[in-house]
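# Coordinate analysis (summary)
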Amino acid sequence: MTNKNMTNKKGVAIIGYGGMGGWHTDHAAKSDTVTLCGVYDILEERRELAKSKGFFAYDSEAAVLADPNVEIVVVVTPNDSHKAISIRAMEAGKNVICEKPVVMACADLQDIFDVANRTGKLFSVHQNRRWDVDYLAMKQLRDSGEIGEIFNVESRIHGSRGIPSDWRGEKEFGGGMMYDWGVHLIDQVLMIFAGETITDLYCRLDYITSNFITETECDNGFRMIIGFASGAYAHIEVGTYNFVSMPRFYLRGSKGTAIIHDWREKCQITACTAWHENDVLPIQTAAGLTKTMAPRDDVTTRTYEIDRPVSDVHDYYRNFCTAVDGKAQSFVQHDQLMRTLRLIELSFESHAKGEVLKFEMKI
């Protein structure tokens, strides 16, 4: 039983007190919508660490699930244990927030949904990167039509340190960049292109070490192209051996282009104000003249920045609690989780076959 004084806020317990477990714990402790009941981790040293920071630590998972003050369980354990813990929690009458990747197969995800439907408990995955301001700026541009019809979005995350030496390098735990970052970037692109129908997908995975290329256990990155029935397409790329990073986002519309070089920067837009100039002068290149690629000037374009969207990641918790009470729809829907995981499965299939996969998926 928790030693916390409960309020009218919903009681939450964290299972798994590692990196993201600590993140959830700190946010819950300061929350305006939940009360932190306590944490549990199978490792005694992590339980002791939680106690040293003033948090209540349960001595077992069973104790968490038996606590009547706990309405929400947040599962932040190694990925291979997500399914079993989530199911046990829902069957014990708890609503569940699970960290990603929730599972590595659509069939396992459906098993979790089936238990949620049977028990009437709310199950959600913490898709926290829906609150990234770079992504929100791109979604805003498509939704507003500010630079016309969007026909191409390129989303990239580049680093240069390889796969971290934790679960991300172990296949059984959902390692590799497809499950680590891909699950976020795919979800973001599908939210940007809401209402479209996917028609094809191609993916090439990277298997790279510091001094040679080989098929190792987990992918170090990937490049994916998703095609839509409208003719638009998205390019998603994750790299961990990039010592020069490409822009975080690059978006093209019928009336202009937008770019975000780095997630810390504002979105820069160059809008087309007039298509034709009276006289386009050719430019000299290394091997001759070109008129087609002559640069624009401020007579026919306007370049400006847009403010970073306002974002509070704790809105996820606020919405989840409201959805538990049946007063709102959960921000993260089951069908959205399933479609992202299905595209991940298809990405591995595309790489294995070395071909573009044709199908239809309404988003």
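What counts, and at which threshold
- Within every chain, residues take consecutive numbers counted from 1 along the sequence as written.
- Per-residue local features are limited, in this predicted model, to residues with pLDDT of at least 70; the limit for side-chain atom pairs, both in listing and counting, is 80 or more; totals at the level of whole chains, interfaces and linings are taken over all residues.
- As a convention, hydrogens and water are excluded, and side-chain values are obtained from all of the structure's heavy atoms.
- Numbering of helices and strands runs from the N terminus; a helix is a DSSP stretch of H or I covering at least four residues, while a strand is a stretch of E covering at least two.
- One fewer than the residue count of a helix, multiplied by 1.5 Å, yields its expected span.
- Throughout, a contact is declared for two residues whenever any of their heavy atoms are within 4.5 Å.
- We call two strands paired when DSSP finds no fewer than two bridges between them.
- Between N-to-C directions, angles cover 0 to 180 degrees, with each direction set by a line fitted to C-alpha atoms, over the stretch in contact for helices.
- Salt bridge criterion: a side-chain nitrogen from Lys or Arg within 4 Å of a carboxyl oxygen from Asp or Glu.
- Three labels apply to residues, based on accessible area from a 1.4 Å probe with only protein chains included: buried if under 20% of the type maximum, exposed if over 50%, partly exposed otherwise in between.

What follows deals with unusual backbone geometry. A cis amide bond links K100 with the next residue in sequence, P101, at an omega value of -10°. Within the fold, P101 resides in the loop between β4 (95–98) and α5 (106–119).

Moving on to helix α9 (residues 334–353). End to end, α9 covers 29 Å across 20 residues, agreeing with the expected 28 Å (1.5 Å per residue, within 8%). Summarising the contacts, the buried residues of α9 are in contact with α5, β5 (123–125), α7 (177–192), β7 (197–206), β8 (221–228) and β16 (357–362). The positive-phi residue at the C-terminal boundary of α9 is G354, with phi of around 65°.

The next thing to look at is the sheet that holds strand β3 (residues 72–75). In spatial order, the strands read β2-β1-β3-β4-β5; together these 5 strands make up an open sheet with parallel pairing. Two strands bound the open sheet, and with one partner strand each, they are β2 (34–40) and β5. For this sheet, the mean angle separating the axes of adjacent strands, direction not counted, is 20°. Looking at chain direction, β3 and β4 are connected through 4 bridges and run parallel. Across the sheet, residue V75 finds its bridge partner in β4, namely C98.

This part is about the pattern of salt bridges. Scanning the model with the defined rule gives 24 salt bridges in all. The salt bridge involving R130 is made with D187; its shortest N-O contact spans 2.8 Å. With a gap of 57 residues between them, R130 in the loop between β5 and α6 (133–144) and D187 in helix α7 connect regions that are remote in the sequence. Note on accessibility: R130 and D187 belong to one class, buried. The closest approach of N and O atoms between D143 and K139, which form a salt bridge, is 2.8 Å.

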